[in-house]
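Chain by chain, the residues:
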Amino acid sequence: RSRGYLTMAVSGGRGWQSCWDSHRDTARVGRAVEYVREEEALPPGLPVFAIGASSGGGFVGHLAASIKSGGLPHLKCIVPQIMGLNGARNR
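Residues numbered from 1 in each chain as written. Predicted model: local features only at pLDDT ≥ 70, side-chain atom pairs only at ≥ 80, totals over all residues. Heavy atoms only, no water.

(A) Representation of the layout of surface pockets. As a volume, the largest pocket reaches approximately 820 Å³. Together, 34 residues line the largest pocket, and Met8, Ala9, Val48, Phe49 and Ala50 are the ones closest to its centre. When residues of the lining of the largest pocket are traced back to their parent elements, those giving at least two are α1 (24-39), β1 (48-53), α2 (55-63) and β2 (75-81). Residues of the lining of the largest pocket, tallied by class, amount to 23 nonpolar, 10 polar and one charged. (1 Å grid on protein atoms, 1.4 Å probe; cavity = no way out; pocket = protein on both sides within 12 Å on 5 of 7 lines; lining within 4 Å. Points joined across faces, edges and corners; volume = space filled by probe spheres on them. Helix = DSSP H or I, 4+ residues; strand = E, 2+ residues; numbered from the N terminus. Nonpolar A, V, L, I, M, F, W, Y, C, P; charged D, E, K, R; others polar.)

Structural data, given as structure tokens:
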């Protein structure tokens, strides 16, 4: 916090070792971020950064959607890693 950052982690799916649901979990993450923002008395426009691995790598792409499409407000950067590309081949 002294450097202007607050870290939070969320898990998707329906429990232990489950994957993200891009429809249901996007709204859940938005509510979780807002909850932490309010509880920690953070400024409303504070930038959000998201990182995800495996199914979370694909999931952070959904967070980057427009606000009208359910994207996460104030999201400034995503870091998807170790994710599938829907059958794309490496050439």
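(B) A look at the pattern of salt bridges. A complete count under the given rule lists four salt bridges for this structure. Among the salt bridges present, the one from Arg37 reaches Glu34, with a minimum N-O distance of 3.1 Å. Of this pair, Arg37 and Glu34 are both found in helix α1, three residues apart, which corresponds to roughly one turn of the helix. For Glu34, a relative accessible area of 33% puts it in the partly exposed group. Connected through salt bridges with shared partners, the residues Asp21, Arg24, Asp25 and Arg28 form a single ionic network. (Salt bridge = Lys/Arg side-chain N within 4 Å of Asp/Glu carboxyl O. Buried < 20%, exposed > 50% of the residue type's maximum accessible area, 1.4 Å probe, protein only.)

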